[in-house]
Amino acid sequence: MYLRPRSLDEALDALATTGAQILAGGTDVFPALGDRPQTRPFLDITALPELRGIGLEPDHVRIGATTTWTEIARADLPSGFDALRAAAREVGSLQIQNRGTIAGNLCNASPAADGVPPLLALEAEVELTSRTGRRRLPLREFISGYRRTERREDEIVTAVFVPRAMTDARSAFLKLGARRYLVISIVMVAAMLRTDEAGRIDAARVAVGSCSAVAQRLPALEAALVGRPAAPGIGSAVTAAHLAPLSPIDDVRATGAYRADAAQTLVARALEACVHERAKEAA
Amino acid sequence: MLDRVATTESRAGVALTVNGRTVEVPASPAARLSKVLRDDLGLTGTKVGCDAGDCGACSVLVDGEAVCSCLVAAGQVEGRQITTVEGLPAGHPVAARLQEAFLRHGAAQCGICTPGMLVAAVALLSRNERPSETEVLDAIGGVLCRCTGYRKIIAAILDVANEAQPEVLPEGGGAIGARIRRLDGLKKVRGADIFGADEAPADALVLKAVRSPYHRAAFTFGDIDAFLARHPGIVRVITAKDVPGENCYGVIPPFADQPVFAEKETRFRGEAVAAIVGEAAAMAALDLSDFPVSWQELPANTTIDAALADGAPLVHANRPGNILVGGRVVRGDVDAALATADVVVEGEFETGFVEHAYIEPEAGFARRVGDRIEVQACTQAPYMDRDDVARVLGIAPEAVRIIPTAVGGGFGSKLDLSVQPFIAIAAWLLDRPVRMTYTRPESIMTTTKRHPARIRARAGATRDGRLVGFDFFGDFNTGAYSSWGPTVANRVPVHASGPYYVPHYRALTRAVHTHLVPAGAFRGFGVPQASIAQEQLYDELADRIGMDRLEFRLRNALRADQPTVTGQVLGEGVGIRACFEALVPHWQRARAEAAAFNAGSQGHLRRGVGVAGMWYGCGNTSLPNPSTIRVGLKRDGRIALHQGAVDIGQGSNTVITQICADALGAPIARFDLVSADTDLTPDAGKTSASRQTFVTGKAAELAGRELRAAILRLANAGEGATVTFADGAVVVRDGGHERTIALADLPTDEHGYVLTGEATFDPPTSPLDADGQGIPYAVYGFGAHMAEVVVDTELGTVKVLKITAAHDVGRAINPTLVEGQIEGGAAQGLGLALMEEFFPGKGENLHDYLIPSAGDMPPVESILVEDASPVGPFGAKGIGEQALIPTAPAILNAIHDATGVRIRRVPATPDRVRAALLAATSARG
C-alpha cells in the first residue's frame with residue numbers, strides 16, 4: 001500500500017486514519033526495512049510543495065521538512081548556516097544527500113545524525129502539524145532519547161525554523177570517521193561564534209554528536225567562551241570538564257574514552273575554524 | 001474525510017519514464033525502484049549490493065541527479081526522468097566517451113560497481129566536463145569498489161575529455177606485454193554482463209534460508225505443515241532430513257564438515273537450519289520471523305582463548321582441543337641462533353575477521369534437467385562446486401553442470417559453496433527452477449572471512465645486519481567449519497620468514513575452531529597476517545642495529561642460490577632484491593620529504609615512510625592443482641578458446657587469451673572465448689592462490705603450441721614455418737613454400753574442430769616432510785611496498801599519501817591488468833591496516849563494516865619487475881595475492897616512522913592509534 005497525497009491536509013487525514021509510515025527520502029526507511037515485507041502503508045510526503053524549500057524571513061529561516069541535503073548544501077544562506085551546509089555535504093554520499101531530507105534526519109533521531117549538532121547550535125525549532133493543529137518544539141526537546149522523538153503518530157514534521165539571532169555568526173562543522181565518504185561519525189562537532197565590534201565573543205554555541213544518546217550542547221564551554229577575543233588559540237579554552245554533558249560509549253567504531261578525547265580536540269578545532277573564517281574575512 | 005483519503009492514489013501499478021520511454025509497470029509503487037527496474041523492466045545493469053544505500057551499486061539518475069535506486073519507492077519518481085546504465089549513452093553525450101575511457105584505463109575489473117560508477121560520474125560530467133580530482137572523488141565517493149583501488153576509475157573520469165583512438169589489437173605474436181583492453185570489458189561498461197542475480201527462468205521459485213540467530217544453539221521445528229497451510233504460494237520447507245545425498249560439504253574433501261542444514265545444533269550465527277521455497281510473490285510477502293522454529297542458545301566459544309580453554313565445548317566431537325590442524329616448518333636451530341644473536345626483538349600481534357565485501361552478494365539459480373542438475377551462480381571454483389553439489393545430491397559429478405556467471409568480486413570467499421547446495425537441492429526435489437540471492441547481511445554473516453590471527457614471534461640478527469633466526473607461532477581462528485583452515489595453517493609457516501634468507505627458522509601454526517563464522521580463503525591465505533608481524537619485527541631489528549630499514553631488507557633479500565625456509569633453491573626468477581632496489585630512489589625522496597615536513601611542523605601532523613617485502617608461492621601448497629586448456633580451430637578460420645579459469649575481475653579471460661594467442665601465433669581478434677562451464681570447458685582449477693596466470697596460463701601456452709604443431713603437421717611444415725589465420729583457411733609458409741589449407745572441407749574432431757590443441761599443466765612440487773622441508777611451489781611472486789602516511793597525532797587518524805609498489809611478476813602479460821591487481825590489492829591492504837574488522841553479530845552491513853572509499857585511496861605507483869620464472873608461461877608469475885600482502889605492514893611501519901608507536905593490533909583505527917600515542921607519551925613522561 002502506498003499513499004501519495006498532493007496536499008498537506010490530505011496527508012494529515014491519511015496519516016490519522018491509516019497509521020501509515022511516513023516516507024520521504026527513504027534513506028532510513030528502506031535500510032531499516034531490509035528484506036522484510038512492508039506491512040504498514042507508506043505515506044509518501046514528497047509530493048507536498050509546502051514541505052519543500054528554504055525561506056529567509058526577517059526573524060527566522062524556514063526550511064521545509066522534505067528539503068534535501070543537496071538543496072541545503074547548495075543554498076545561499078548566511079554564515080551561521082555554514083556548519084549546517086558543511087554537515088549536509090557529509091551526510092552519507094551525494095546519492096544520499098540527493099534524497100535524504102532534513103526532517104527525516106531529525107525524526108530518525110540517530111545519535112550520529114549529521115544534521116543535529118548544527119541545528120542544535122542554531123537553536124532550531126521543529127514544526128509538527130496534525131489535523132488538530134500545529135506546534136513547535138525546540139529541537140533539543142523534540143529528540144527525546146536514543147532514536148526517540150516527541151512526534152505523535154498523527155503528526156508530520158512540516159518544517160524546521162531557525163531564529164535569526166545568530167545566523168550571521170561564524171560557524172563550522174567537523175566530522176570524524178574512520179574513512180572518507182559514506183561514514184557514520186565517531187565524533188562530530190558544530191560550533192558558532194558571534195563577536196562584538198571589539199572582536200570579542202559575545203555569544204557561543206557548541207554541540208557535539210555521536211558522544212551521547214542525543215547530541216548535546218556544551219553550556220559551560222559556551223559560557224566560558226563569552227568575552228574572550230575571537231582569535232587563533234581560542235581552542236585552548238576547551239577543557240575536559242566542558243565535555244561533562246557527554247556520555248560516550250564503546251561501539252564498533254571507537255571506544256568511549258577515545259570519543260571523549262577526540263571530542264575535545266574536535267571542539268577546539270571547530271572553534272579555531274570559526275575564528276579562522278573570521279580572520280580570513282578581516283584580511 | 002475518508003473520501004479525501006481515497007484521493008491519495010493507493011493503487012497498483014506505476015508509470016515510469018525510464019531511459020526516455022514511459023512504461024506502465026504492474027509493480028507496487030511502494031517497491032524499491034531498484035527492484036522494479038531489475039525484476040519488472042529487466043534492466044539488470046542496475047546492481048543491488050546492499051539494499052541500504054551503503055554501496056551505491058544501484059545508482060541511477062533521476063532528473064540528472066544520482067540516487068540509490070534501492071532507497072526510492074517507484075511511486076516517488078513517476079513523471080521524473082530515470083536513466084539507468086543502459087540508457088546513459090543515448091541520454092548523455094559524455095557517457096559513450098566515459099565508457100571508452102573506462103575500457104582504456106582498465107577502470108572496470110569485475111564490473112559490478114561499474115554501472116554505479118558510470119552513473120555517478122555522468123551526473124558530474126553532465127554539469128562539469130572538466131572536473132578536478134576532488135570533484136571526481138566527491139561524485140564517486142558514494143560508490144564502493146572492491147577490485148580496482150579506485151585510481152584507474154578516477155583516471156578514466158579525468159581523461160574523459162580526451163578523444164581516444166580506436167583500439168588496434170596486436171597481430172599474432174604481439175599479445176604478450178600488450179596493454180589490450182579486457183576482452184569482456186564492453187559488456188561490463190554497458191551493464192550487460194550477467195552476474196549471479198541477473199538471470200533466472202521466469203517461473204523460478206525463490207528460496208530463503210532460516211538461519212541461527214545465536215553463535216551456538218539447539219533448535220526444534222514447530223508445525224511446518226501449519227506454516228505451509230498459512231502461507232499459500234510457499235511450496236516447500238526443506239531441512240536436513242530432505243538432503244538427498246550427504247548433508248556435508250567442504251572445499252578440502254578430507255576435512256569436509258559443513259552441513260547444508262544444521263542437524264541438531266548450529267555452530268555459528270547465521271548457519272542455516274531450513275530453506276523456504278515458494279513463488280516469488282509469496283516469498284516477497286513472507287516475514288521469515290513467522291517460521292516455526294524455537295532456539296535454545298548454548299554456551300559458545302567466541303574467542304581463540306575460549307576454544308583452547310580446558311573443558312571448552314568441542315565444536316566438532318572428532319577434533320580434540322578444538323584444533324583443526326597444525327602447520328610446521330623448521331630449519332636449523334632457531335633457539336640456539338636467537339640465543340647467540342647480537343640483537344633479538346619479539347612481539348605479539350593480533351588481527352581480526354576481515355570481510356571480503358565484494359559488491360555482489362552471492363546469487364544464482366538451479367534447474368533440474370532430467371537426471372542432471374544445472375547450477376548457474378557466481379563462483380570461483382566450478383569443478384569444486386560440481387563435486388560438492390554432486391555429493392549433497394547423491395549423484396555423479398558428471399550429472400552436475402556448473403555455469404559460472406560473471407563474478408562481482410570473489411577474493412577467496414566464492415571458492416566455498418554459498419547458494420549452490422540450497423538451490424540445487426530445492427530444484428532437484430521440486431523439479432522446478434529455484435533461485436536465491438543473499439542479502440548483504442546474510443552474505444556478511446555467513447560467508448567465509450579472513451582468519452583472525454594471534455601471533456607471537458621473535459627475530460634475531462647480527463650487529464652487521466644479517467638475519468640469523470626467526471621464530472613464529474600463530475593461532476588462527478578458523479571458525480565453525482574447516483573451509484580453508486588447513487591451507488592457512490600450512491601456507492603460513494612456509495611464508496612467515498618473508499622473502500629473506502633466514503638460516504634458522506621455526507614456524508608453527510594452529511587452526512582453532514570457534515563457534516563463529518567460518519574463516520576461509522581471503523587473498524593471501526593467512527600470509528598477510530603473518531607479514532604484519534614479521535615485517536614490523538624486521539623494522540625493529542633494523543632500528544636496533546641502527547641500519548636503514550630498506551638497507552636491512554636489501555642485505556637479507558633471498559638470492560636465487562640461497563635456500564628458502566623449506567630448503568628449496570629456486571635457481572632463477574627471484575626478483576625480491578630488484579624490487580627493493582627499485583624502491584631505493586623513492587625511499588630516499590620520501591624519507592627526505594617526510595623529514596622536511598616534520599622539521600617544519602609544530603603541530604599535530606607527522607609524516608612517515610614505511611617499507612615491507614613479500615613473497616608468495618603460486619598455486620597449491622605441495623598438492624596437485626592441474627589446469628587444462630582446450631583450443632580449437634574452427635572451419636570458419638576462427639579459434640575457440642575453452643578457457644575455464646573463472647574471471648572474477650582479475651582478467652583471466654584476457655590474459656589466458658593473450659598467452660594462447662602468442663603461443664599459437666594467432667591474432668587476439670581471431671579468438672572466440674568459451675568461458676567457464678563444466679560442460680564446455682575442461683577443468684582449469686579454482687581461481688585462487690594466484691595460480692590462473694601461472695598454471696592455467698601455462699596450460700594455455702602448451703595448448704596453443706600443440707595446436708600450432710598440429711597445423712604444421714597438417715601442412716607438412718617444419719617448426720620454423722609461419723602460420724597466418726584467414727577466414728576459412730590457414731596459410732603456412734615454410735621457407736619458400738606456401739600452403740593454404742582450406743578449413744571448410746576438413747573433417748572435425750569430437751570437439752567439433754578441425755584441429756584441437758589440449759594441454760594440462762600441473763606445477764612441479766614435492767611433498768613437505770615432517771619439518772616442512774621440500775618444494776611447496778614451483779614459482780614464487782615477490783614484491784615490496786613503500787607507504788607514505790601522515791598521522792594526526794591528536795586524533796590518531798592516518799592518511800596514506802602514496803603507495804609505491806614494486807612487484808616481480810616474471811613477465812607482465814598485460815601491464816594494465818597487473819597494475820589493476822596491484823592497486824586493488826593495495827586498497828584491500830589499506831583496509832586491513834586501517835579500518836576493516838568484522839565482529840560476528842555486530843555490524844552485518846556495509847556502513848558498520850568499512851572498506852576504503854574513493855577518498856581513502858592514495859595514488860599508487862606500480863613498478864613492474866620482470867625476473868622471468870623458468871616455469872611460468874613466457875616467464876609469468878602470479879600477482880593477485882602478492883599485491884595485498886606488503887601494504888598493511890608498510891603502512892604500519894610508516895605509522896611507526898611518523899610517530900614512534902607500534903600498532904600490533906590491526907586495524908589501526910583512530911582510537912587504537914591515539915591510545916598507543918597516549919601510552920607512549922605517559923611512558924616517556
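Residues numbered from 1 in each chain as written. Chains lettered and ligands numbered in written order. Predicted model: local features only at pLDDT ≥ 70, side-chain atom pairs only at ≥ 80, totals over all residues. Heavy atoms only, no water.

The UniProt entry for chain B carries the following comment under Sequence similarities (unreviewed entry): "Belongs to the xanthine dehydrogenase family." (UniProt positions renumbered as here; feature names shortened; annotations may be inferred.)

In the nomenclature of an unreviewed UniProt entry, chain A is known as CO/xanthine dehydrogenase FAD-binding subunit of Chelatococcus composti.

### Thoughts on the overall build of chain B
Across its full length, chain B carries 24 helices and 31 strands. In terms of C-alpha radius of gyration, chain B reaches 28 Å, essentially the compact-globule figure of 29 Å for 925 residues. Among the 925 residues that make up chain B, the fraction classed as buried is 66%. Expressed as a percentage of contacts within chain B between residues at least 6 apart in sequence, the contacts between residues at least 24 apart total 78%. When the accessible area of chain B is evaluated, it comes to approximately 29400 Å², of which 51% is carbon and sulfur surface. Charged side chains in chain B number 88 positive and 107 negative. The centres of these two groups are separated by 2 Å. (Helix = DSSP H or I, 4+ residues; strand = E, 2+ residues; numbered from the N terminus. Rg over C-alpha atoms; globule rule 2.2 N^0.38 Å. Buried < 20%, exposed > 50% of the residue type's maximum accessible area, 1.4 Å probe, protein only. Contact = heavy atoms within 4.5 Å. Areas by Shrake-Rupley, 256 points an atom, 1.4 Å probe, with all protein chains shown as cover. Lys, Arg positive; Asp, Glu negative; His and termini not counted. Charge placed at Lys NZ, Arg CZ, Asp CG, Glu CD.)

### Quick look at the interface of chain A and chain B
Taken residue by residue, the interface counts 54 residues in chain A and 64 residues in chain B. Taking both sides of the interface into account, the surface hidden between chain A and chain B amounts to around 4800 Å²; carbon and sulfur atoms contribute 55%. Among the residues chain A hides against chain B, the three largest losses belong to Gln95, Arg179 and Tyr181 of chain A. Together they make up 15% of the total. Taking the shortest distance from any N to any O, the salt bridge between Lys208 of chain B and Asp35 of chain A comes out at 3.6 Å. In this structure, the connection of chain A to chain B is made through 22 residue pairs in polar contact (both at pLDDT 80 or more). (Buried area = accessible area lost by both parts, 1.4 Å probe. Salt bridge = Lys/Arg side-chain N within 4 Å of Asp/Glu carboxyl O. Polar contact = N/O pair within 3.5 Å; in protein donor to acceptor, adjacent residues only side chain to side chain.)

### Quick notes on the domain arrangement of chain B
Residue and element names in this part refer to chain B. Each assigned domain of chain B is listed here: domain 1 (1-169), domain 2 (205-300 + 357-446), domain 3 (453-620 + 770-924) and domain 4 (627-761). Contacts between the two partners involve 18 residues from domain 2, matched on the other side by 15 residues from domain 4. Here domain 2 packs against domain 4, burying approximately 1200 Å² in sum over the two surfaces, 56% of which is carbon and sulfur. Among the residues domain 2 hides against domain 4, the three largest losses belong to Gln380, Tyr383 and Arg401. Together they make up 45% of the total. Taking the shortest distance from any N to any O, the salt bridge between Asp677 and Arg401 comes out at 2.5 Å. If you look at where domain 2 meets domain 4, you find 6 residue pairs in polar contact (both at pLDDT 80 or more). Of all the secondary structure elements, the ones that give two or more residues to the side of domain 2 that touches domain 4 are helix H13 (382-393) and strand E16 (400-404). The biggest single contributor to the side of domain 2 that touches domain 4 is E16, with 5 residues. Looking at the side of domain 2 that touches domain 4, its residues break down into 11 nonpolar, 4 polar and 3 charged. (Domains from an automatic or database assignment. Nonpolar A, V, L, I, M, F, W, Y, C, P; charged D, E, K, R; others polar.)

### A closer look at the domain arrangement of chain A
Residue and element names in this part refer to chain A. Here chain A is described as being made up of domain 1 (2-45 + 52-165) and domain 2 (169-282). Using C-alpha coordinates to define each centre, domain 1 is positioned 24 Å away from domain 2. Each partner contributes to the interface: domain 1 provides 26 residues, whereas domain 2 provides 26 residues. Carbon and sulfur atoms supply 58% of the area buried between domain 1 and domain 2, which totals about 2000 Å² over both sides. Along the contact surface separating domain 1 from domain 2 lie 4 salt bridges. Between Lys175 and Asp114 there is a salt bridge, with the nearest N and O atoms lying 3.1 Å from each other. Inspection of the region where domain 1 meets domain 2 yields 15 residue pairs in polar contact (both at pLDDT 80 or more).

### Some remarks on the packing of helix H17 (residues 527-545) of chain B against helix H23 (residues 887-899) of chain B
Residues and elements named next belong to chain B. Contact pair H17 / H23: the axes reach a minimum separation of 8 Å and the direction vectors enclose 40°. For the pair H17 and H23, the crossing hand works out as right-handed. On H23, the residues that touch Ser531, Ile532, Glu535, Gln536, Asp539 and Asp543 of H17 are Ala888, Pro889, Leu892, Asn893 and His896. Of the residues that constitute the contact of H17 with H23, the class distribution is 4 nonpolar, 4 polar and 3 charged. (Axes fitted to C-alpha atoms, helices over the stretch in contact; angles between N-to-C directions. Left-handed = near helix turned anticlockwise from the far one by under 90°.)

### Some details on the confidence of the model for chain B
One rule of thumb: low pLDDT means the predicted coordinates there are not for detailed reading. Residue and element names in this part refer to chain B. Taken as a whole, chain B shows an average pLDDT of 96; of its residues, 99% reach a score of 70 or greater. This model gives residues 1-7 a pLDDT under 50, and the stretch forms 10 contacts once residues within four places in sequence are excluded. With a pTM of 0.98, the predicted complex shows an ipTM of 0.97. (pLDDT = per-residue confidence, 0-100.)

### Focus on the UniProt feature "domain: FAD-binding PCMH-type" (unreviewed entry) in chain A
UniProt feature "domain: FAD-binding PCMH-type" (unreviewed entry): in the numbering of this structure it lies at residues 1-167 of chain A. Segment residues 1-167 of chain A splits into 32% helix and 25% strand. End C-alpha atoms: 42 Å apart.

### Topic: helix H14 (residues 420-430) of chain B
Residue and element names in this part refer to chain B. Burial runs high along H14: 10 of the 11 residues are buried. Where H14 is concerned, the buried positions are Gln420, Pro421, Phe422, Ile423, Ala424, Ile425, Ala426, Ala427, Trp428 and Leu430. Note on H14: the residue one or two positions beyond its end, Asp431, has a positive phi of about 55°.

### Comments concerning the sheet that holds strand E2 (residues 21-23) of chain A
All names here are of chain A. Here 3 strands make up an open sheet; going across it, the order is E1-E3-E2 and the pairing parallel. Each having just a single partner strand, strand E1 (2-3) and E2 make up the two edges of the open sheet. Across 2 bridges, E1 lies against strand E3 (residues 42-44) in parallel orientation. For Leu3, the partnering residue across the bridge sits in E3 and is Leu43. Lying over the sheet, helix H1 (residues 8-18) contacts E1, E2 and E3, oriented at roughly 170° with respect to E3. (Pairing = 2+ DSSP bridges.)

### With respect to the packing of helix H22 (residues 815-834) of chain B against H23 of chain B
Residue and element names in this part refer to chain B. Where H22 contacts H23, the two axes come as close as 7 Å, and the packing angle between them is 50°. On the basis of their axis angle, the class for H22 and H23 is oblique. As for how H22 packs across H23, the hand of that crossing is right-handed. For the pair H22 and H23, the contacting residues are Gly825, Ala826, Gly829, Leu830, Leu832, Ala833 and Leu834 in the first and Thr887, Ala888, Ile891 and Ile895 in the second. (Parallel < 35°, antiparallel > 145°, perpendicular 65-115°, else oblique.)

### Considerations on the side chain of Thr804 of chain B
Mapped onto the secondary structure, Thr804 of chain B falls in strand E30 (residues 797-808). Those residues in contact with Thr804 of chain B, other than ones at most four positions away along the chain, are Leu583, His586, Ala784, His785, Met786, Glu788, Glu861 and Ile863 of chain B.

### A word on the sheet that holds strand E22 (residues 627-633) of chain B
Residue and element names in this part refer to chain B. With respect to topology, 4 strands assemble into an open sheet ordered E24-E23-E22-E28, the strand pairing being mixed. Looking along the sheet, the strands with just one partner apiece sit at the ends: strand E24 (671-675) and strand E28 (755-761). For this sheet, the mean angle separating the axes of adjacent strands, direction not counted, is 15°. Two elements, strand E23 (residues 639-643) and E24, share 5 bridges in a ladder whose sense is parallel. Among the inter-strand pairings, Ile639 is bridged to a residue of E24, identified as Phe671. With respect to the sheet, helix H21 (residues 692-714) is in contact with E22, E23 and E28, its orientation differing from that of E28 by roughly 145°.

### Examining the pairing of strand E31 (residues 860-865) of chain B
A regular strand places its side chains so that they alternate between the two faces of the sheet. Residues and elements named next belong to chain B. Two elements, E30 and E31, share 6 bridges in a ladder whose sense is parallel. Looking across to E31, one finds that Ala805 is bridged to Ser862. One crossover worth recording links E30 to the parallel E31 by way of H22, and it is right-handed. (Right-handed = clockwise from strand over helix to strand, strands pointing away.)

### Things to note about the packing of aromatic side chains
Describing an aromatic ring pair means giving the distance of the ring centres and the angle of the ring planes. All names here are of chain B. All chains considered together, the criterion is met by 18 aromatic pairs over all chains. With a centroid separation of 5.6 Å and an interplanar angle of 80°, the aromatic rings of Phe470 and Tyr538 are classed as edge-to-face. Taken together, the positions of Phe470 in strand E19 (residues 467-479) and Tyr538 in helix H17 put the pair 68 residues apart, joining distant regions of the chain. A relative accessible area of 0% means that Phe470 is categorised as buried. Members of the aromatic cluster, connected to one another through ring pairs, are Phe470, Phe472, Tyr500, Tyr505, Tyr538, Phe552 and Phe580. Directly above the ring of Tyr438 sits Arg211, whose terminal nitrogen or CZ lies 5.1 Å from the centroid. (Phe/Tyr/Trp six-rings, centres within 6.5 Å; stacked < 30°, edge-to-face > 60°. Lys NZ or Arg CZ within 6 Å of the ring centre and 35° of its normal.)

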